[in-house]
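# Notes for the structure review
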Amino acid sequence: MRNAFVFIFAAFVCLSAFSNTVESVTCHQRWPWDGKVEIDYVLNSANADPVFDVKFYAKVNGGESFLLTDLEGDGAAGIVLGAGSKKATWDAPQTYPSQQVSGLQVAVTAEEVTSSAKYIILDLSNYTFSYAASTNVSTVTTGSISKSGEIWFRRVESGTFYMGSDSTDWGYFDSNWSSKKSEPRHQVSLTKAFYISIFETTVAQFSKIDSETVSASLIPKTSTSYAYIRGSDKGATWPTYTDHRVDTNSFLGRMRAKTKNSLTIDLPTEGQFEMASRSVGDGTFLGLCCWNDGSPYVSTDKKVDANLDKLAWYKANSGGSMHEVGTKKPNLIGIYDIHGNVWEWCLDWYDNKYGLTDNELARITADPVGAPTNSGPKNSRRCGGYNNTPIDCRIPRRAQPGSGSTYSDYGIRLVLVQP
Amino acid sequence: MYLLTFLLLLGAAVSASAAPETVWSDTFGIDTALAQTVDLKSSDHLFVSTVWYGGIADEADITAVGLTSGAAYDIVALKGANSTSSNTWDYFVDNADLRENFLLTFTTKSGNETVSTETATVRVASTLQDEGTWSGNFSLDTIGTAPGYRLTLLTTDDIVYDSHWAEGNDRVIKVRAISHEAFPSSYDLYESSVDGHGTFNWDYLSDEVPADVTYTLAYEIKNEAGTQTYAAICAQPVIKILPEPLTSCAFLVLAAFFAMRRKGGRG
């Protein structure tokens, strides 16, 4: 009898732990002059940083349900990152122009797909998100649709790692490096998982989002300033505001609008970029003196490195020009061109000590955001380009470009983050 | 056995949590016919009429800013609005310059948190008098000889008329020459329908006009409601037609007469 009670109690605790995936769906018309309906709902999960596949339906007076498409906000484009309260907006006048409708009900259908969502894919033909457990990108591939009609993002789990370098790292005290000591080694903890694009954004991908003329070019898109990517008004306010706000007329503003503001798309912080670069994939991270596949530096003349040759287009092998993305080996979690090809913009404003005090550098920093807004004004870039030597292609290598400037060897890598 | 059953239940729970789950909202109604809820109607006030159909907000602020002048008007701040039914509010603002467009902002709040902000650019659809502005080079001149003087409006480039009229109102513009007399007369030079922004190139003649009179160029606007207004294009009288001068022929006749008299006296 006693065992039975223990069993029942344990079963109750077990079942209680798995509360409803979706609950508290409430709807109301916002106000009549735009007629839109706000849909509030709550997503639950026992997992940290869950991923949900979400759809919305409606029906009238208990009739047949139909899929809602004129949506904006959380889940409007199919995928939601993170649990908690969510809000989407249904443009009801698109379905019911100038009329009164009673007996409406809206349903939220949610499935947690965290374990299957190693990748999130943005389809650039209809601007919806889907997920996949594995990539269709081979180790080294050319001409893939994932470089033109889609953008693939790789999940990077939360964790703690060492960022930067010290005197034991080749290049740190190189006499030709004027920015030495700008990468002090310190421990960083990123508390939320995120997704980072496996390729530098190509001209083809960029053109589908930002241009009237679609290009087929698979080289990285360059010559776009930080201000163009995020905007010079709201987009320049990081990290005063850490809600990832951007100008609506910026590249990211247009991209978010096309994806119905369903997910937060942004540049990676320096912490995210370096964490993804050093990630081994099993919760551990690469240390110093190695390239992003774990192979050691082997350059003896500071010009050629046989191990870097396999991973990067850089000065010794690029022929002085950019190359199609993803034509060198990826890092240990499948991210391409971290070294070389083009420098990549980061979200943070630059500071020699990452915007941290010496005391903070001595501790674990959680979710670093860089220097204060408009400090410089400089932003951060990462890991060298096609015209740089191996030293400039190292993982901790960073620089400080002007946020309003454009450069022919600066590209874009995107992340999906939890707001 | 209990352990086995427990594990089965655990497995079932995990499986259930991974399956798609659908939750329906309570029933609700919408009225998309109420899309236009901000309106300006008055001819002598900035008049905002709103209908608020409820929602999660419990406070609303309405402000207006003149897009030309930058003048800001706080129209109303509402608190404790009924969130379950529609509410209609009409508000007037005095002393607004009704010739310009207004950016209306409707901000709703829940507590101290802004729920949403909606904006609309509106203009007053009214029967107000027009006060447009003119640009371009133009002048008044005369052609012809007595007694057939006629006034002509000369332009050296396009004359642009830019008014604050709301679009959609039919208007007629007349350009006239007004005489400076105890009982002024006006002489039509040009007449056309115009909209808010017009470009004209004029070269029109009036009917015959009296000489020895000063004329000022003026325009007249008449809108659909019949309201009229006059405004001088030029601040000063632009032309005065002088009396007919002595002709050279008469001068020659007089000169010959005096010359002959002088010649005869000597003889």
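Below: a short report on this structure. (Residues numbered from 1 in each chain as written. Chains lettered and ligands numbered in written order. Predicted model: local features only at pLDDT ≥ 70, side-chain atom pairs only at ≥ 80, totals over all residues. Heavy atoms only, no water.)

In terms of helices and strands, chain A carries 8 helices and 21 strands. Of all 419 residues assigned to chain A, the portion counted as buried reaches 58%. Intrachain contacts of chain A at a sequence separation of at least 6 include 69% that bridge at least 24 residues. (Helix = DSSP H or I, 4+ residues; strand = E, 2+ residues; numbered from the N terminus. Buried < 20%, exposed > 50% of the residue type's maximum accessible area, 1.4 Å probe, protein only. Contact = heavy atoms within 4.5 Å.)

With that out of the way, let us pick up the overall build of chain B. Helix and strand content of chain B: 2 helices and 19 strands. Expressed as a percentage of its 267 residues, the buried residues of chain B come to 37%. Sequence separation of 24 or more characterises 60% of the internal contacts of chain B that already satisfy a separation of 6 or more. Accessible surface computed for chain B: about 15300 Å², of which carbon and sulfur atoms make up 53%. (Areas by Shrake-Rupley, 256 points an atom, 1.4 Å probe, with all protein chains shown as cover.)

Right, let's get into the environment of Leu288(A). All names here are of chain A. Relative to the elements of secondary structure, Leu288 occurs in the loop between helix 6 (270-278) and helix 7 (306-309). Judged by relative accessible area, Leu288 falls into the buried class, the value being 19%. With 10 residues separating them along the chain, Leu288 and Arg278 place their C-alpha atoms 9.5 Å apart. With near-sequence residues (within four places) excluded, Leu288 lies in contact with Gly164, Ser165, Asp166, Thr168, Asp169, Arg185 and Arg278.

Residues and elements named next belong to chain A. With respect to the secondary-structure elements, Asp210 resides in helix 3 (residues 203-210). Separated by 2.3 Å, the side chains of Asp210 and Tyr228 make a polar contact. Apart from residues no more than four positions distant in its own chain, Asp210 is found in contact with Tyr228, Phe251 and Arg254. (Polar contact = N/O pair within 3.5 Å; in protein donor to acceptor, adjacent residues only side chain to side chain.)

On to helix 6 of chain A, then. Two residues of an α-helix separated by three or four positions point the same way, owing to the 3.6 residues in each turn. Counting buried residues along helix 6 of chain A, 9 of its 9 residues qualify, which places the element largely inside the surrounding structure. Burial in helix 6 of chain A covers these residues: Glu270(A), Gly271(A), Gln272(A), Phe273(A), Glu274(A), Met275(A), Ala276(A), Ser277(A) and Arg278(A).

Let us now look at the sheet that holds strand 17 (residues 365-366) of chain A. Residues and elements named next belong to chain A. With mixed pairing, the 3 strands of this open sheet are ordered in space as 12-13-17. Each end of this open sheet is capped by a strand with a single partner; those strands are strand 12 (159-163) and strand 17. As paired strands, strand 13 (residues 186-190) and strand 17 are joined by 2 bridges and run parallel to one another. When the bridges of strand 17 are listed, Val188 appears paired with Thr365. Docked against the sheet, helix 6 engages strand 12 and strand 13, running at close to 95 degrees with respect to strand 12. (Pairing = 2+ DSSP bridges. Axes fitted to C-alpha atoms, helices over the stretch in contact; angles between N-to-C directions.)

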